[in-house]
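Below are the chains, spelled out letter by letter.
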Amino acid sequence: MCNLDPRRLIGRRSVLGGALGAGVLLAAGRLRAAAEVGDEPMIAARRRFFGAENVDGATGAVRADRVVLSWVGCATYAMAFAGTVVLLDAWAPRLTSAGYSPATAQDLADLRPEAIVIGHGHFDHAGDAGRIAQACGAVVYGTAEHGAAIRAQVPGATFATVALGDASTPIGQRHDFTLGALEVTAVRHIHSGPTAPDRDDPSAPFFPPPDLCALVQHPPSLEGVVHNLTRLADAENGVLLYQFRVPGFALVWHDSAGPLVDRAPQVLDVLAGLPRTDLHIGTIQGFNQLTNGLRDPRTYIEALRPALFVPTHHDNWLPGITSSAAAYDPPLLAELDRLPAGSRPELRSLHDPADYLAPGRLTFSL
């Protein structure tokens, strides 16, 4: 339990405190240029996100025989896969609770990722992508509309974008490309959305009680409010699921789980046709949980047949509307129990805020 003392909302970290100086306004604008490869700030950032034991202390190179991921918050992850550093989405949560997640957009830029892959364009997934790419030179992958919107975040942007289809791309279409040592497949799917209760495959409606502790303990900052208010109306611009592969290991990540059964069943066939998935990091929070519980995330799991499932986008980044990840454990376990024992993945839940930037939770040998 946290103490809901309203006086804590008007402290030195509150939006109501402090001066509106030029330094604060600058913090809501461009990031400083990220350190060069091998420089101390880059090495320090990588050791923090990926574990000192996995990062060369002289060059910053991440071990090529490892897959390491650090959860930043919402559905954003820093990933080092076979030595290739990638951001999965690009947003450091701080709309209403500054510092609840210990990562900042500058921290993500200092990692010097080779690429940023975007699942969809809403602010809580792509809101920092332009600033990070401009600061470190990462290539942004997503739909053509994602790329255009993210470049528009930074006037005079100089970073590159790669279009994986556009707004007219058929749902279920796949795009294959390489990224460093990785083979990558992106599959067009759909955003979460409410549908009528499924009488053929009923799941109990679920909405966790609001949890205001993070708001009280981590009040909003001026920088977080200023930056994120400009991004609140950002469009979805299409939704992509990604599978990353090297021989012997495949990882799937997606930042939304749509009602595929009702609106795009062909996507389930495409997912089932992908190479076997070892690690599946999938969103479980969505608009359909009010009527169909966690049915939609389960259908992704059924199609992909992963060995290990890690839920994401289930943390308390918007106190008052969201709740802590632990609240999702009971309904998720109940949903997984509906799968046949032989096809049920191992579950590894990450809980906020303890599991933010905890690479030891998601480190795998190749």
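First things first, this report covers the structure right here in the doc. Here the structure is a predicted model, which means the values were calculated and not measured. (Residues numbered from 1 in each chain as written. Predicted model: local features only at pLDDT ≥ 70, side-chain atom pairs only at ≥ 80, totals over all residues. Heavy atoms only, no water.)

**Details of the sheet that holds strand S7 (residues 174-179)**
Under the convention used in this document: In this analysis, strands are considered paired if DSSP registers two or more bridges between them. Strands here are runs of E lasting at least two residues and helices are runs of H or I lasting at least four, both read from the DSSP assignment and numbered beginning at the N terminus. Residues count as neighbours in contact if any of their non-hydrogen atoms are within 4.5 Å of one another. Comment: axis = line fitted to C-alpha atoms, over the contacting stretch for helices; angle = value between 0 and 180 degrees taken between N-to-C directions.
Across the sheet, which stays open at both edges, the seven strands sit in the order S7-S8-S9-S10-S11-S12-S13 with mixed pairing between neighbours. The sheet is open, and its two edges are formed by S7 and strand S13 (346-347), each paired on a single side. Sheet analysis places strand S8 (residues 182-189) next to strand S9 (residues 239-246), joined by seven bridges and oriented antiparallel. Residue Arg188 lies in a different strand from S9, and its bridge partner there is Leu240. Sheet contacts for helix H10 (residues 265-272): S8 and S9; angle to S8, the most-contacted strand, approximately 165°. On the sheet, helix H12 (residues 295-304) packs against S8, S9, strand S10 (249-254), strand S11 (279-283) and strand S12 (308-312) and is oriented at approximately 160° with respect to S11.

**Observations regarding the packing of aromatic side chains**
As a reminder of what qualifies: Working definition: a ring pair exists when centres of Phe, Tyr or Trp rings (six-membered ring for Trp) sit within 6.5 Å. Plane angles under 30 degrees give stacked, over 60 give edge-to-face, the rest tilted. Partly exposed residues are those whose accessible area sits between 20% and 50% of the maximum for their type, while under 20% is buried and over 50% is exposed, using a 1.4 Å probe and protein chains only. Distance and angle both matter: a charge sits over a ring if NZ of Lys or CZ of Arg is within 6 Å of the ring centre and within 35 degrees of the ring normal.
Applying the stated criterion across every chain yields a total of 11 aromatic pairs. A centroid spacing of 4.7 Å and a plane angle of 55° characterise the contact between Trp71 and Tyr356, whose relative ring orientation is tilted. In this pair, Trp71 is assigned in strand S1 (residues 66-73) and Tyr356 in the loop between S13 and strand S14 (363-365), connecting sequence segments 285 residues apart. Note on accessibility: Trp71 and Tyr356 belong to one class, buried. Chaining the aromatic ring pairs together yields one cluster made of Trp71, Tyr100 and Tyr356. We note Arg151 situated over the ring of Phe159; from NZ or CZ to the ring centre the distance is 5.4 Å.

**Examining empty space enclosed by the protein**
Short version of the rule: Think of a 1 Å grid over just the protein atoms. A cavity is a set of points where a 1.4 Å probe fits yet cannot get out, a pocket is an open set with protein on both sides within 12 Å along at least five of seven lines, and lining residues have an atom within 4 Å of a point. Grid points are joined across faces, edges and corners, and a volume is the space filled by probe spheres set on the points. Amino acid classes used here: Ala, Val, Leu, Ile, Met, Phe, Trp, Tyr, Cys and Pro are nonpolar; Asp, Glu, Lys and Arg are charged; the rest, including Gly, are polar.
If you walk through the whole model with that rule in mind, you get one cavity of 30 Å³ or more. The volume enclosed by the largest cavity comes to roughly 50 Å³. Per-class residue counts for the lining of the largest cavity are four nonpolar, six polar and one charged.

**Digging into the sheet that holds strand S6 (residues 161-163)**
Ordered in space as S6-S5-S4-S3-S2-S1-S14, the seven strands form an open sheet in which the pairing is mixed. With one partner strand each, in any of the chains shown, S6 and S14 form the two edges of the open sheet. With strand direction ignored, the average angle separating the axes of adjacent strands in the sheet is 20°. Alignment of strand S2 (residues 76-81) against strand S3 (residues 84-88), held across five bridges, turns out to be antiparallel. Across the sheet, residue Phe81 finds its bridge partner in S3, namely Thr84.

**Considerations on the nonpolar core**
Spelled out, the test is: In this description, a nonpolar core means a group of buried Ala, Val, Leu, Ile, Met, Phe, Trp, Tyr and Cys residues linked to one another through side-chain atoms lying within 4.5 Å.
Leu69, Tyr77, Phe81, Tyr242, Phe244 and Leu251 are the most contacted members of the largest nonpolar core, which totals 36 residues. With residues up to four places along the chain from it excluded, the contact list for Phe244 reads Met79, Phe81, Leu88, Val117, Leu182, Glu183, Val184, Phe249, Ala250 and Leu251. Counting residues in each nonpolar core, the second largest holds 34 residues, with Leu108, Ile132, Val140 and Ile150 among its members.

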